[in-house]
Amino acid sequence: MAGRFDADFWDDRYRGRERVWSGRPTAQLQSETTGLSAGTAAELGCGEGADAIWLARQGWRVDAVDFSPVALARVSEYAAQAGPDIAARITTIEADLSAWSPSPNHYDLVCAQFLHVPADLRATLVHRAAASVLPGGHLLLIGHDRSDLQTGVSRPGHPGLYFTGEEIFAQVDAAAWSMETNRVVARRGVDKSGTPTTIHDVVVRLQRRR
Ligand SMILES: C[S@@+](CC[C@H](N)C(=O)[O-])C[C@H]1O[C@@H](n2cnc3c(N)ncnc32)[C@H](O)[C@@H]1O
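First, a word on what this report is: a plain description of the structure on this page.

Analysis parameters
Residues numbered from 1 in each chain as written. Predicted model: local features only at pLDDT ≥ 70, side-chain atom pairs only at ≥ 80, totals over all residues. Heavy atoms only, no water. Salt bridge = Lys/Arg side-chain N within 4 Å of Asp/Glu carboxyl O. Helix = DSSP H or I, 4+ residues; strand = E, 2+ residues; numbered from the N terminus. Buried < 20%, exposed > 50% of the residue type's maximum accessible area, 1.4 Å probe, protein only. Disulfide = S-S within 2.5 Å. Core = buried A, V, L, I, M, F, W, Y, C linked by side-chain atoms within 4.5 Å. Contact = heavy atoms within 4.5 Å. Near = heavy atom within 4 Å. Polar contact = N/O pair within 3.5 Å; in protein donor to acceptor, adjacent residues only side chain to side chain. Areas by Shrake-Rupley, 256 points an atom, 1.4 Å probe, with all protein chains shown as cover. Nonpolar A, V, L, I, M, F, W, Y, C, P; charged D, E, K, R; others polar.

### With respect to the pattern of salt bridges
Side chains that carry opposite charge are capable of pairing whenever their charged atoms lie near each other. Counted by the stated rule, this structure contains seven salt bridges. A salt bridge links Asp-12 to Arg-15; its shortest N-O distance comes to 3.3 Å. One end of the pair is Asp-12 and the other is Arg-15, both in helix α1 (residues 7-15) and three residues apart, which spans about a single turn. Taken as a pair, Asp-12 and Arg-15 share a single burial class, namely exposed. A salt bridge links Glu-32 to Arg-205, with the shortest nitrogen-to-oxygen separation between them at 2.7 Å. Pair noted here: Glu-32 is in helix α2 (residues 27-33) and Arg-205 is in strand β8 (residues 196-208), with a separation of 173 residues, a long-range link. Accessibility assignment for this pair places Glu-32 and Arg-205 in one class, buried. Through salt bridges with shared partners, a single network forms among Glu-32, Glu-180, Arg-183 and Arg-205.

### Brief notes about the state of the cysteines
A covalent bond bridging the sulfur atoms of two cysteines is what the word disulfide describes. Summed over the entire model, instances satisfying the criterion amount to zero disulfides. No disulfide involves Cys-46; its sulfur sits 9.8 Å from the nearest other cysteine sulfur, which is in Cys-111. Residue classification places Cys-46 among the buried positions, given a relative accessible area of 6%. Of the residues examined, Cys-111 reaches a relative accessible area of 1% and is grouped as buried.

### Quick word on helix α3 (residues 50-57)
The buried count for α3 comes to six of eight residues, which makes it a mostly enclosed element. Regarding α3, the residues found buried are Asp-51, Ala-52, Ile-53, Trp-54, Leu-55 and Ala-56. With its phi angle positive at about 105°, Gly-59 sits one or two positions after the end of α3.

### Some points on the nonpolar core
One finds Leu-44, Trp-100, Val-110 and Leu-139 to be the most contacted residues of the largest nonpolar core, which totals 26 residues. Listed by contribution, the elements that provide at least two residues to this core are β1 (40-44), β4 (107-113), α6 (119-131), β5 (133-145) and β8. Top element by residues in this core is α6. It accounts for five residues. With residues near it in sequence (within four places) discarded, Leu-44 still touches Val-65, Leu-97, Trp-100, Val-110, Cys-111, Ala-112, Gln-113, Leu-115 and Ala-129.

### Notes on the site of the ligand
The immediate surroundings of the ligand are formed by 19 residues, with Tyr-14, Gly-45, Asp-66, Leu-97 and Gln-113 found nearest. At a separation of 2.6 Å, an oxygen atom of the ligand approaches a polar side-chain atom of Asp-66. Summarising the interface, the protein chains cover 94% of the accessible area of the ligand, which totals 590 Å² for the free molecule. Considered class by class, the residues forming the shell around the ligand number 11 nonpolar, five polar and three charged.

### Considering unusual backbone geometry
Its identity is not glycine, yet Asn-105 carries a phi of approximately 50°, on the positive side. Mapped onto the secondary structure, Asn-105 falls in the loop between β3 (90-94) and β4. Phi is positive for Phe-114, which is not a glycine, with a value near 55°. Within the fold, Phe-114 resides in the loop between β4 and α6.

In structure tokens, the structure reads:
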């Protein structure tokens, strides 16, 4: 299982296919950020960049962070295809998030969509990401809801990839943050054998109090 969490695993996965992800931005990212004033954003585990490019189209200046150089090369390629204005708003950062320490009070939005890291690293990252959010800014995490483990849906991956909104909120200073969104969204997916089934995403949006 350890290999799932290192850069070589992800580089191999990206090299294996011309495009691993759909190229479409995450629907819940769109619904959770529409209405926010575009400012500075960091996307953690940006993959091939569909979400970073969508944010840049909305006017955000995005630091797109991933430890896979193969994925980041695709972010740059697709951003260039989207146009010079979009490309200029995206900075790719090759970094292992286990060692990434962003400047405090820096971003209006820090988000991560399906960032597959072990639970202990996720806790550390939530702390660091929270510290990097400006007062009034947002922390948005979208991932696999823990309920899919409990209901026995045969999903791939390590149990550490699954979480709940309550677990994320418990990792920030409750006096300094408010939970604006904590919801579970059902969608069609596949189980380990590739059979279609219903899976659940958790969407957690926290706002740092001013
Ligand atoms: C499941 S993919 C999701 C990609 C993208 N967010 C999306 O939703 O399409 C997880 C991404 O996180 C990156 N990643 C995983 N662990 C990381 C770490 N410790 N540091 C930096 N990036 C990491 C992987 O390289 C991969 O691109």
